[in-house]
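Observations on the three-dimensional arrangement
Chain by chain, the residues run as shown.
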Amino acid sequence: QVQLVESGGGLVQPGGSLRLSCAASGLTFSSYSFGWYRQAPGKERELVATITNAGATSNYANPVKGRFTISRDNAKSTVYLQMNSLKPEDTAKYYCHARYFWTYWGQGTQVTVSS
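Just so we're clear, the structure is a prediction, and the values are computed from it rather than from any experiment.

**As for the overall build of the protein**
The helix and strand tally for the protein stands at zero helices and eleven strands. Counting from the amino terminus, the protein carries its helices and strands in the arrangement β-β-β-β-β-β-β-β-β-β-β. The C-alpha atoms of the protein give a radius of gyration of 13 Å, which matches the 13 Å a tight globule of 115 residues would have. When its C-alpha atoms are laid out on the principal axes, the protein stretches across 40 × 25 × 25 Å.

And the structure:
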């Protein structure tokens, strides 16, 4: 059974940092590309960042470029999202996504940026 378990969310002040983790199990981790998505209340889910299976290429949505960094540790079957200089508009539930022949979603972790 495939599981993607996100962690690391929480409440942070504007300008602060958080690191999200996505621990994967039940799949051949190194075969999958991964992405982080987010969904704010009343809005559609949007792509934040992606990383290829070998980690050689990553892409970012314009609102997070220069502030967020996606990475992966294939030995630990874990994907990370380092989020710096957080803004109130980054408040959302963040989801981990795995893609190969099949796709999987995690349950999400809440990030709230507020003073």
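**Let's talk about the packing of aromatic side chains**
Inspection of every chain in the model, using the stated rule, returns six aromatic pairs. Consider the rings of Phe101 and Trp102, whose centres lie 5.8 Å apart with planes at 80°: the pair is edge-to-face. Cluster of aromatic residues (ring-pair linked, three or more members): Tyr32, Tyr100, Phe101, Trp102 and Tyr104. Between the NZ or CZ atom of Arg45 and the centre of the ring of Trp105, over which it lies, the distance is 4.6 Å.

**Some remarks on the nonpolar core**
Ranked by internal contacts, the top residues of the largest apolar core, which has 28 residues, are Phe34, Trp36, Leu81, Met83 and Tyr94. Within the residue set of this core, elements represented by two or more residues are strand 3 (18-25), strand 4 (33-39), strand 5 (46-51), strand 7 (68-73), strand 8 (78-83), strand 9 (92-99) and strand 11 (109-113). Setting aside residues no more than four positions away along its own chain, Tyr94 makes contact with Glu6, Leu20, Trp36, Tyr37, Arg38, Val48, Phe68, Leu81, Met83, Gly108, Thr109 and Val111.

**Concerning the pairing of strand 3**
Where strand 1 (residues 3-7) and strand 3 come together, five bridges link them in antiparallel fashion. Looking at the pairing, Glu6 lines up with Cys22 of strand 3. Here six bridges tie strand 3 to strand 8, and the two strands are oriented antiparallel to one another. Residue pairing across strands places Ala23 opposite Thr78, the latter belonging to strand 8.

**Things to note about the pattern of salt bridges**
One pass over the structure, following the stated rule, counts three salt bridges. Across the pair Glu46 and Arg38 runs a salt bridge whose closest N-O atoms are separated by 2.6 Å. Here the salt bridges do not stand alone but share partners, grouping Arg38, Glu46, Arg67 and Asp90 into one network.

**Considering the state of the cysteines**
Following the criterion strictly, the structure yields one disulfide and no others. Residue pairing for Cys22: its cysteine sulfur links by disulfide to Cys96, the two sulfurs lying 2.1 Å apart. The sign of the S-S torsion, about -80°, decides the handedness of the disulfide formed by Cys22 and Cys96: left-handed. Of the two residues, Cys22 is situated in strand 3 and Cys96 in strand 9; the sequence distance between them amounts to 74 residues. As far as burial versus exposure is concerned, Cys22 and Cys96 are alike and both buried.

Rules of the game
- Residues numbered from 1 in each chain as written.
- Predicted model: local features only at pLDDT ≥ 70, side-chain atom pairs only at ≥ 80, totals over all residues.
- Heavy atoms only, no water.
- Helix = DSSP H or I, 4+ residues; strand = E, 2+ residues; numbered from the N terminus.
- Rg over C-alpha atoms; globule rule 2.2 N^0.38 Å.
- Phe/Tyr/Trp six-rings, centres within 6.5 Å; stacked < 30°, edge-to-face > 60°.
- Lys NZ or Arg CZ within 6 Å of the ring centre and 35° of its normal.
- Core = buried A, V, L, I, M, F, W, Y, C linked by side-chain atoms within 4.5 Å.
- Buried < 20%, exposed > 50% of the residue type's maximum accessible area, 1.4 Å probe, protein only.
- Contact = heavy atoms within 4.5 Å.
- Pairing = 2+ DSSP bridges.
- Salt bridge = Lys/Arg side-chain N within 4 Å of Asp/Glu carboxyl O.
- Disulfide = S-S within 2.5 Å.

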